[in-house]
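So you can see what is in the structure, the chains are spelled out below.
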Amino acid sequence: MSAPSAHNDDIADGATSAASSIRAQLDDHALTTPFQMAGFWMAVVLPFLHVPLLATGLSTPSETMTFLALLALNLVGLVVGHTYNRN
C-alpha cells in the first residue's frame, strides 16, 4: 500500500482564486483600458503587415527578422488585448 498524498488542494485553490482576483481588478482598472485597446487593435492590424512580407518571400535575414518581430508584436497584442471591450 502506498502512503497518502501530502498534496493540499486548498493551497492550490487559494493561489488560483488570488490570481483571478488580481486579474479581475486589473480588468476593471481605468489605467489598463488604453493598453488593452492598443493591444487589441495591434493584434487586428499587424497581420495585414505580414501579407506583403510573405507574398515577396523571406529571402534575406532582415526580412525574416522583420517577420518574426511582427509576429512577436502580434502575440503581445493578442495577450494584452484579449479582454478589451468584453461585454
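Residues numbered from 1 in each chain as written. Predicted model: local features only at pLDDT ≥ 70, side-chain atom pairs only at ≥ 80, totals over all residues. Heavy atoms only, no water.

### Some remarks on the overall build of the protein chain
Then comes step 1: Scanning the protein chain from terminus to terminus reveals three helices and zero strands.
Then comes step 2: Its helices and strands taken in sequence order, the protein chain reads α-α-α from the N to the C terminus.
Then comes step 3: Counting over 87 residues, the protein chain shows a buried share of 15%.
Then comes step 4: Excluding contacts between residues fewer than 6 apart, the proportion of contacts in the protein chain whose partners are at least 24 apart in sequence is 67%.
Then comes step 5: Carbon together with sulfur atoms contributes 70% to the accessible area of the protein chain, which is approximately 6800 Å² in total. (Helix = DSSP H or I, 4+ residues; strand = E, 2+ residues; numbered from the N terminus. Buried < 20%, exposed > 50% of the residue type's maximum accessible area, 1.4 Å probe, protein only. Contact = heavy atoms within 4.5 Å. Areas by Shrake-Rupley, 256 points an atom, 1.4 Å probe, with all protein chains shown as cover.)

### Re the confidence of the model for the protein chain
Then comes step 1: Residues at a pLDDT of 70 or more form 63% of the protein chain, whose mean pLDDT is 78.
Then comes step 2: No element of the protein chain has a lower mean pLDDT than helix 1 (residues 9–28), at 61, and none a higher one than helix 3 (residues 61–81), at 93. (pLDDT = per-residue confidence, 0-100.)

### So, the environment of Phe-35
Then comes step 1: When you line up the elements, Phe-35 lands in helix 2 (residues 32–56).
Then comes step 2: Exposure remark for Phe-35: the relative accessible area of 62% places this residue in the exposed category.
Then comes step 3: Distance in space between the C-alpha atoms of Phe-35 and Val-80 is 7.1 Å, their sequence separation being 45 residues.

### A look at the side chain of Asn-74
Then comes step 1: Tracing the chain through its elements places Asn-74 in helix 3.
Then comes step 2: Owing to a relative accessible area of 9%, Asn-74 belongs among the buried residues under this scheme.
Then comes step 3: Filtering out sequence-adjacent residues up to four positions away, Asn-74 remains in contact with Met-42, Ala-43, Leu-46, Pro-47 and His-50.

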